[in-house]
Amino acid sequence: MSETRRLVVAGHGMVAHRLVETVRKLDTDGQWRITVFAEESRPAYDRVALTSYVDGWDAGALALPGADYAGDPLVDLRLGDPVLAVDRERRTVRSASLELGYDALVLATGSVPFVPPVPGRDLPGCFTYRTIDDLDAIRAAVERSGRGRRAALVVGGGLLGLEAAKALRDLGLSPHVVEMAPRLMPLQVDDGGGGLLKDLITELDVTVHTATTTERIEADGDRLLATLGNGTELDLDLVVFSAGIRPRDDLARGCGLDVGPRGGVLVDSSCRTGDEAVYAIGECAAVEGSVYGIVAPGYAMAEAVAAQLLGGQAAVQEPDTSTKLKLLGVDVASFGDAHARTEGAREVVFADAVAGSYQKLVVDADLTLLGGVFVGDASRYPLLRTLVGKPLPGDPASLLAPSGGGGVGVDALPPSAQVCSCNAVTKQDITTAILEKGCSDVASVKACTRAGTACGSCVPMLGKLLDSCGVQQSSAVCEHFAFSRRELFEIVQATRITTFGELVSKHGTGSGCAICKPAVASILATLGNGHILDGEQAGLQDTNDRFLANIQRNGSYSVVPRIPGGEITPARLKVIAEVAEEFSLYTKITGGQRIDLFGATVDQLPLIWRRLVDAGFESGHAYGKALRTVKSCVGSTWCRYGVQDSVGMAIELELRYRGLRSPHKIKAAVSGCARECAEARGKDFGVIATESGWNLYVGGNGGTTPRHAELLVSDVDSETLIRTIDRFLMFYVRTADRLQRTAPWIEELDGGLDHLREVIVDDRLGICEELDAAMAKHVDGYADEWRGVLEDPEKLARFSSFVNAPGTPDPTISFRTEREQPVPVLLGVPEVRT
Amino acid sequence: MNVVLCAAEDVPVGTGVAALLPTGEQVAVFHYADGEFYGLANTDPFSGAAVLSRGILGDHAGTPVVASPMHKQRFDLRTGECVDDPAVRVRTHPVEVRGGTLYLAGP
Ligand code: SRM
Ligand SMILES: Cc1cc2nc3c(=O)[nH]c(=O)nc-3n(C[C@H](O)[C@H](O)[C@H](O)COP(=O)(O)OP(=O)(O)OC[C@H]3O[C@@H](n4cnc5c(N)ncnc54)[C@H](O)[C@@H]3O)c2cc1C
Ligand code: SF4
Ligand code: FES
């Protein structure tokens, strides 16, 4: 092994992390010991996704895998310990805590937000928008400010300014955006697109002031007063500056390195400064004079430097500066020469005012694609972006026209086309992974090539490339059906088949199994085919559904009556207590705000239900893949903070969706205010009261893979809320995979939450009426399943332990006492191996 | 031993029932899709609970099986062998229908 050398990295942002990761991957014999000085108090995180931090305030969700280098003895990550000075003569850096020599130094200090010299910019209540700490500070300020009209000003209408506006809106403020240029996103979008963008942004309750500046900000009690150049005065809770960025080249200036014409550490195309031991990468670098404010060129620089540190040679190419705005519900994308600055460039514009879309392609005389702008509908962006510099595969107008037939498919892409610009992955890289390395689904292509792991906008193309390579992405339910659950649903719905037998004989093979039978039973139940134990259906159900109770380890069952919203009268509590005593049931409060009675034998179940049903209880569906509970907090009726009646809403929702059979269980909650005591954001759908209505969050999950629910619609009235949930659930029930909760379902949905919103809020597919009707049918058709058994002697007869000895309980079930309650005597497991 | 279990129609196609033998032993009787009846010991060897009769019937590559309701291991209805773990098997019990009545035909 050669002698170890010291690599010092100043800054730990996304680009520095990519550098360290790559060096560690290439440096198989440990040539480099790496010390990383980080100014922020946390390891590098996904700054590109910073705005999503507002969705859950979960810094963990932004973590970059492996960025803490835990367990790697060759990397020392020093958090909260910025480099203060560089001494190039002695080849040392100095931080607050130590002075350290280096053999190679990489500056990766990123940039700082530019704050224009507006008088008042230092007042409390003025913020920037770059780090998790910035967002925490904004959030704290929002929480401190009182109720009533709440407004914020974003200075700067570029990409980041609009993201900041979205974050502020999600925090419940009315944002104003001030942009000096005559249009929003002046760098990326042209005038035509800018006009439409302004309309679309305004629809999101963001007030846009273009072609003016912020003159001054003054304190007004504990509020701020901003005066704009056009005379407008704004009464504000806070101000966020997002007027561009400036590379952090202070360390370089301090040690006499050259900087670029517009700042930034001047480096050549291999990222070297004038000092051969010092490199600069990422946003702080001016590569041959140009500074890039996006992550992809930074990654390319990191990889180039890593290669050089390990003896290779590498240079960065002219980077792809395409951008896509991740703003709620508004598609904006621009790429290449969006402003047609190339000589001889021609623009082809397709604007549809009614549909709210503006699309422009820039081409040269030979129809080589130079760039483009999309506003309102960026669905063609991922594909067209990859064609920059290449001849268009068809007439430009037909490429843009809605379903104009001439649309390009992935097949039209040349192998060198860059499919994932964030990670510089070409079509060929991906097809090689599929055809030669055996990647057979999107997840493995992502893992193998890194495509799709940054901004995510290329993910839909990965699926298309798999298709075009002829990889059947198997979604078959099991060996008996070559269809996915979703396809089975469509088949059952279209053919009106009502029995499993007919379905498997016409559309499947064999006699079914424990996977497809319950899945089909659930589909039949969703489509309203009577009681789940009617006729042949009984034999399709998992034991829990078959006995309308949950099986326990000793073969006994538990009984969970529905307690909507967790609200229960003392009289009903007494009934539960009496039943538990009479049948000697172990009693426990569940995590779902209700009471579970354990240890019932099959014979006892109907007797227990009889007592409960007579007292007004019904099945809580603890056994079914169905709605479980709608948890609630106490809400405005009692709580001094509550702003809406969360209990009333929870009960209404629980009664509405009870019994709905679904691909997996559905959990919900309603909180009476943003304190969120009902933990609604951990649920499949969660409702949080606002001053004037409700916010609806969807796709949350506790359990094995926790995920916070994301905001679908905000500040809606009760009627809109319920209609939106109706459609959400029905769309889920129809299209999700077997045993797929809403969280992974949304994640796998092409287009994700935005697509979901298009389908169920904007009705892009025109199916909302059908979804509404399906839910109405469910609500009208609901009947208590326990009562259904009690009223049907034939079904009742199935509730005996032994066909030849009705009434005799299973003698192998016995109990002992623990903490004054019965618990199962553990069954001796017979010697199972032969 | 020839034990009368129940009327054949008490076990609808596609379902199973449990029967208690005078010896205290429990038998799971299944009515498979092809009309055949099969008998297996009712105790699930993996959990020790007497629950196999409550499993879902189906086939695995053509072999008729029941899946335990506890943890879903599948047992060959004809041999009692666990198809997910061939080292494990449960006892089989021959059953037959005569004149609409289901008998446990025993040794
Ligand atoms: C009884 C209860 C525990 C308790 O004593 O509190 C419980 C018990 C069971 N849970 Fe649970 N879960 C219970 C609340 C929860 C919660 C908390 C909640 O709902 O607020 C969670 C996490 C939240 C979530 O689901 O997002 C939870 C996450 C799970 C999971 C993991 C689901 C996931 O998406 O990862 C399973 C496994 C599964 O469903 O595949 C599970 C499965 C089960 C099963 C059905 C396991 C089984 O097949 O035997 C348990 C049997 C229930 C029974 O016998 O009654 N249980 N389970 C709770 C019943 C609530 C109710 O009133 O209905
Ligand atoms: C809200 C937002 C949205 C964005 N969206 C996109 C997008 O959609 N697509 C895209 O490509 N890009 C986007 N970007 C830009 C992208 O995040 C940056 O290009 C990328 O993070 C740059 O990485 P970096 O490592 O060069 O710099 P940074 O991420 O800024 O990291 C530099 C780090 O160095 C630290 N530092 C500075 N000086 C010192 C010192 N002397 N010693 C030690 N540490 C120091 C800083 O504190 C910082 O942590 C977005 C940025 C923001 C803020
Ligand atoms: S969420 Fe709000 S209303 Fe509900 S209990 Fe908590 S503070 Fe009170
Ligand atoms: S283009 Fe951003 S992840 Fe692929």
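Residues numbered from 1 in each chain as written. Chains lettered and ligands numbered in written order. Predicted model: local features only at pLDDT ≥ 70, side-chain atom pairs only at ≥ 80, totals over all residues. Heavy atoms only, no water.

The name recorded for chain B in an unreviewed UniProt entry is Nitrite reductase small subunit NirD, from Amycolatopsis suaedae.

Named according to an unreviewed UniProt entry, chain A is assimilatory sulfite reductase (ferredoxin) originating from Amycolatopsis suaedae. Quoted verbatim from the Sequence similarities (unreviewed entry) field of the UniProt record, the comment on chain A reads "Belongs to the nitrite and sulfite reductase 4Fe-4S domain family." Turning to chain A, the UniProt annotation filed under Catalytic activity (unreviewed entry) states: "hydrogen sulfide + 6 oxidized [2Fe-2S]-[ferredoxin] + 3 H2O = sulfite + 6 reduced [2Fe-2S]-[ferredoxin] + 7 H(+)". (UniProt positions renumbered as here; feature names shortened; annotations may be inferred.)

### Here we look at the site of ligand 1
Residue and element names in this part refer to chain A. With respect to spatial proximity, 19 residues lie near ligand 1, and among them Gln-552, Thr-590, Gly-591, Lys-665 and Gly-702 are the closest. At 2.8 Å from an oxygen atom of ligand 1 is found a side-chain nitrogen or oxygen belonging to Lys-667. Of the residues contributing to the shell around ligand 1, the split by class is 1 nonpolar, 11 polar and 7 charged. Mapping the shell around ligand 1 onto the domain boundaries places at least three of its residues in each of domain 5 (542-619 + 784-809) and domain 6 (627-783). (Near = heavy atom within 4 Å. Polar contact = N/O pair within 3.5 Å; in protein donor to acceptor, adjacent residues only side chain to side chain. Nonpolar A, V, L, I, M, F, W, Y, C, P; charged D, E, K, R; others polar. Domains from an automatic or database assignment.)

### Re the sheet that holds strand E16 (residues 238-241) of chain A
Residue and element names in this part refer to chain A. The 5 strands are arranged E9-E16-E10-E11-E12 in an open sheet whose pairing can be described as parallel. Only two strands of the sheet have a single partner each, and these edge strands are strand E9 (126-128) and strand E12 (207-210). Taking each pair of neighbouring strands and ignoring which way they run, the sheet shows an average axis angle of 20°. Direction of pairing for strand E11 (residues 174-179) relative to E12: parallel, over a ladder of 4 bridges. Bridging from a neighbouring strand, Val-177 pairs with Val-208 of E12. Across the sheet, helix H3 (residues 132-144) lies against E9 and E16, angled at about 150° from E9, the strand it touches most. (Pairing = 2+ DSSP bridges. Helix = DSSP H or I, 4+ residues; strand = E, 2+ residues; numbered from the N terminus. Axes fitted to C-alpha atoms, helices over the stretch in contact; angles between N-to-C directions. Contact = heavy atoms within 4.5 Å.)

### A closer look at unusual backbone geometry
In terms of backbone geometry, most residues other than glycine have negative phi values and most peptide bonds are trans. Residues and elements named next belong to chain A. Here Leu-548, not a glycine, exhibits a phi torsion of approximately 50°, which is positive. Along the chain, Leu-548 turns up in the loop between helix H16 (543-547) and strand E28 (550-551). Overall, the relative accessible area of 0% leaves Leu-548 in the buried class. The backbone phi angle of Arg-819 is positive, close to 45°, even though this residue is not glycine. (Buried < 20%, exposed > 50% of the residue type's maximum accessible area, 1.4 Å probe, protein only.)

### So, the site of ligand 3
Neighbouring ligand 3 are Cys633(A), Val634(A), Gly635(A), Cys639(A), Tyr641(A), Gly642(A), Gly672(A), Cys673(A), Arg675(A), Glu676(A) and Cys677(A). Its residues assigned to classes, the shell around ligand 3 comprises 6 nonpolar, 3 polar and 2 charged.

### Details of the interface of chain A and chain B
Much of the literature gives interface size as the accessible area that the parts lose upon coming together. Of the residues lining the interface, 38 residues belong to chain A; the matching set on chain B comes to 38 residues. Where chain A abuts chain B, roughly 2,800 Å² becomes buried across the two surfaces, and 55% of that area is made up of carbon and sulfur atoms. A salt bridge links Lys72(B) to Asp542(A); the shortest N-O distance between them is 3.1 Å. The interface formed by chain A and chain B includes 14 residue pairs in polar contact (both at pLDDT 80 or more). Within the residue set of the side of chain A that touches chain B, elements represented by two or more residues are helix H15 (516-526) and H16 of chain A. Take the side of chain A that touches chain B: its biggest share by element is 3 residues, from H16(A). (Buried area = accessible area lost by both parts, 1.4 Å probe. Salt bridge = Lys/Arg side-chain N within 4 Å of Asp/Glu carboxyl O.)

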